[in-house]
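One-letter residues, chain by chain:
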Amino acid sequence: MARAESLAYRFEAEVKFVQGTPPADSLTARAAGLDTITGTFGFDTDAPRTVETGIPGRVGFAAYATGFVALNELDLSALPGPVFLSVGDGIPQQDAPQTTIKDNLIIAFDSQARDDTPVDSLSLEIRFDDAEALAGVAVPSALKVGQIGSARLTVSTRRDSFGDRGNSAAGAVQVLGLAVFDITTIEAID
């Protein structure tokens, strides 16, 4: 059996904005008090695909059961749910380049919130400069740092009211607080 290859990266991020008033004991409240965050993220290159979908001729998406994010300043052990990696592969729109969906990677915690209890969540998103950085929705074998257009870390606390969907009640999401950090440095960990 082939050994899984793990990719890991170190990053630094600066606060971009803070919105709302999260509960005082939330991860978002702690993140909102920071000007900078440092940490690591990564994923296994041969993780099993769990979902694949897309819009033919526009974009493809796939999710994988892999990924991690660790922050030096904050403990993430209380975040609920598994971590997953989402890969988005856009297709250049030659006739309307402004509508091209750029390639991206997202590592996120699936909060699995299904009731009215506030829940913390975290995601790290990398957007590439164009729709040609990735060649399909497979997990990339390396991150092309030079092709990254932007990267962002988002910590949020929200209340999801989806518990009554079976009784014809519409679910609602209330964002209680949000702290967004622009990732300014990414480097591979050898």
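Residues numbered from 1 in each chain as written. Predicted model: local features only at pLDDT ≥ 70, side-chain atom pairs only at ≥ 80, totals over all residues. Heavy atoms only, no water.

(A) Expanded view of the overall build of the protein. Check the secondary structure of the protein and you find 1 helix and 10 strands. Traced from its N-terminal end to its C-terminal end, the protein shows the element sequence β-α-β-β-β-β-β-β-β-β-β. By the compact-globule yardstick of 16 Å for 190 residues, the protein fits well, its C-alpha radius of gyration being 17 Å. By principal-axis analysis of the C-alpha atoms, the protein measures approximately 45 × 45 × 45 Å. Per-residue burial for the protein yields a buried fraction of 38% across its 190 residues. In the protein, the proportion of contacts linking residues at least 24 apart, taken out of those at least 6 apart, comes to 70%. (Helix = DSSP H or I, 4+ residues; strand = E, 2+ residues; numbered from the N terminus. Rg over C-alpha atoms; globule rule 2.2 N^0.38 Å. Buried < 20%, exposed > 50% of the residue type's maximum accessible area, 1.4 Å probe, protein only. Contact = heavy atoms within 4.5 Å.)

(B) Representation of the packing of aromatic side chains within the structure. Using the criterion set out here, one finds 2 aromatic pairs in the structure. Look at Tyr9 and Phe41: their rings are 5.4 Å apart centre to centre, the planes differ by 20°, and that puts the pair in the stacked class. Of this pair, Tyr9 sits in strand S1 (residues 6-20) while Phe41 sits in strand S2 (residues 36-44), and the two are 32 residues apart along the sequence. Assessed through its relative accessible area of 5%, Tyr9 is described here as buried. With a relative accessible area of 1%, Phe41 lands in the buried category. Summarising the aromatic geometry, the rings of Phe11 and Phe41 are spaced 6.1 Å apart at their centres and angled 50° between planes, so their arrangement reads as tilted. With a gap of 30 residues between them, Phe11 in strand S1 and Phe41 in strand S2 connect regions that are remote in the sequence. We classify Phe11 as buried; its relative accessible area is 1%. An aromatic cluster of three or more residues is present, and its members are Tyr9, Phe11 and Phe41. (Phe/Tyr/Trp six-rings, centres within 6.5 Å; stacked < 30°, edge-to-face > 60°.)

(C) Representation of the layout of surface pockets. A volume near 170 Å³ is recorded for the largest pocket. Elements with a minimum of two residues in the lining of the largest pocket: strand S7 (104-109), strand S8 (119-128) and strand S9 (148-161). (1 Å grid on protein atoms, 1.4 Å probe; cavity = no way out; pocket = protein on both sides within 12 Å on 5 of 7 lines; lining within 4 Å. Points joined across faces, edges and corners; volume = space filled by probe spheres on them.)

(D) The confidence of the model for the protein, seen in detail. In the predicted model, the protein carries a mean pLDDT of 87, and the fraction of residues at 70 or more is 90%. Here residues 164-168 is modelled with pLDDT under 50, and outside its nearest four sequence neighbours on either side it reaches 2 contacts, counting other chains as well. (pLDDT = per-residue confidence, 0-100.)

(E) Broad picture of the nonpolar core. Residues Phe11, Phe41, Ile126 and Leu153 are the most contacted members of the largest nonpolar core, which totals 39 residues. If sequence neighbours within four positions are ignored, Phe11 has contacts with Ile37, Thr38, Gly39, Thr40, Phe41, Ala70, Leu71, Leu124, Leu153, Ile183, Thr185 and Ile186. (Core = buried A, V, L, I, M, F, W, Y, C linked by side-chain atoms within 4.5 Å.)

(F) Inspection of the environment of Ile37 at higher detail. Mapped onto the elements, Ile37 comes out in strand S2. Each C-alpha atom of the pair Ile37 and Val180 lies 11 Å from the other, and the pair is 143 residues apart in sequence. Discounting chain neighbours no more than four positions away, the residues touching Ile37 are Phe11, Glu12, Ala13, Leu71, Glu73, Leu74, Leu153 and Phe181.

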